[in-house]
Amino acid sequence: EDKVVQSPLSLVVHEGDTVTLNCSYEVTNFRSLLWYKQEKKAPTFLFMLTSSGIEKKSGRLSSILDKKELFSILNITATQTGDSAIYLCAVNKNSGYALNFGKGTSLLVTP
Amino acid sequence: NAGVTQTPKFQVLKTGQSMTLQCAQDMNHEYMSWYRQDPGMGLRLIHYSVGAGITDQGEVPNGYNVSRSTTEDFPLRLLSAAPSQTSVYFCASSYDGTGYEQYFGPGTRLTVT
């Protein structure tokens, strides 16, 4: 059975801290891994990763995929209160069209 | 360009009632899907469609029906609502299903009493 596991499930940090969110997966026919940020409403897209070892970066957020060890990390540096959200990891397979989501990491950044 | 729209935003149903959640997109995307999100469970796929006239089941399809008569619309029907269907429902679309990012609608919060 396919699995996408995120850790930690929740995290509280102070503004300015750096955080690392983890996503491990066990799926057959892996195609891509996606990260989403969900505030109060719909998830919004952050990154899509398909190749091992290539970092994707957007401002203070970055992500990397390790296809050998079957995991990805999402880093957020110099956190701000606006980074408070649920961060979702999802995996897409070659054999289908669906996204298989993890349960998410709830991040709270305190002033 | 409105993106993905969903109606209604909120709905309360009594057990046994039926209803349709509407989803529309104006991006000419082939792939559309419905997810439900429950606390501590992440997003789970209900049904998806890879084009007009083609639908398939996801992880949790029981109690739901879909159809796709046009590229733009992908309604989700609850046949006989049950309290276990209380959830937030998201519709999503993408250019195709092959790893392109999926755009999500704003969600429908459904309560079944």
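Computed from a predicted structure; not experimentally measured.

1. Quick word on the pattern of salt bridges
Taken as a whole and assessed by the stated rule, the structure comprises four salt bridges over all chains. With a closest N to O distance of 2.8 Å, Arg60(A) and Asp83(A) form a salt bridge. Taken as a pair, Arg60(A) in the loop between β6 (56-58) and β7 (61-66) and Asp83(A) in the loop between β8 (71-76) and β9 (85-93) lie far apart in primary sequence, 23 residues in all. Taking the relative accessible area as the measure of exposure, Asp83(A) reaches 4% and is therefore buried. Between Arg36(B) and Asp38(B) there is a salt bridge; the shortest N-O distance is 3.0 Å. In this structure, Arg36(B) and Asp38(B) share a single accessibility class: buried. Through salt bridges with shared partners, a single network forms among Arg36(B), Asp38(B) and Arg44(B).

2. Focus: unusual backbone geometry
When glycine is set aside, most residues are seen to have a negative phi, and most peptide bonds are trans. The omega angle of the peptide bond from Ser7(A) to Pro8(A) is -10°, so this bond is cis rather than trans. Residue position: Pro8(A) is located in the loop between β1 (3-7) and β2 (10-14). Omega for the peptide link from Thr7(B) to Pro8(B) comes to -5°, which places this bond in the cis form. By the element assignment, Pro8(B) lies in the loop between β1 (4-7) and β2 (10-13). The residue Asn29(A) is not glycine, and still its phi comes out positive at about 55°. Residue position: Asn29(A) is located in the loop between β3 (19-26) and β4 (30-38).

3. Comments concerning the environment of Ser24(A)
In this structure, Ser24(A) sits in strand β3. Not counting residues up to four positions away in its chain, the partners in contact with Ser24(A) are Lys3(A), Val4(A), Val5(A), Leu70(A) and Phe71(A).

4. With respect to the state of the cysteines
All names here are of chain A. Counted by the stated rule, this structure contains two disulfides over all chains. In this model Cys23 forms its disulfide with Cys89; the gap between the sulfur atoms is 1.9 Å. An S-S torsion of about -65° defines the bridge between Cys23 and Cys89 as left-handed. Here the residue Cys23 occupies a position in strand β3, and Cys89 occupies one in strand β9, the gap between them amounting to 66 residues. The two residues Cys23 and Cys89 agree in class, both being buried.

5. Some details on the layout of surface pockets
One number sums up the size of the largest pocket: a volume of about 690 Å³. What lines the largest pocket is a set of 28 residues, among which Gln38(A), Lys40(A), Gln37(B), Val88(B) and Arg109(B) lie closest to the centre. At the level of secondary structure, the elements contributing two or more residues to the lining of the largest pocket comprise β9 and β11 (105-110) of chain A together with β4 (31-38), β9 (87-94) and β11 (108-112) of chain B. The biggest single contributor to the lining of the largest pocket is β11(B), with four residues.

The rules behind each value
Residues numbered from 1 in each chain as written. Chains lettered and ligands numbered in written order. Predicted model: local features only at pLDDT ≥ 70, side-chain atom pairs only at ≥ 80, totals over all residues. Heavy atoms only, no water. Salt bridge = Lys/Arg side-chain N within 4 Å of Asp/Glu carboxyl O. Helix = DSSP H or I, 4+ residues; strand = E, 2+ residues; numbered from the N terminus. Buried < 20%, exposed > 50% of the residue type's maximum accessible area, 1.4 Å probe, protein only. Contact = heavy atoms within 4.5 Å. Disulfide = S-S within 2.5 Å. 1 Å grid on protein atoms, 1.4 Å probe; cavity = no way out; pocket = protein on both sides within 12 Å on 5 of 7 lines; lining within 4 Å. Points joined across faces, edges and corners; volume = space filled by probe spheres on them.

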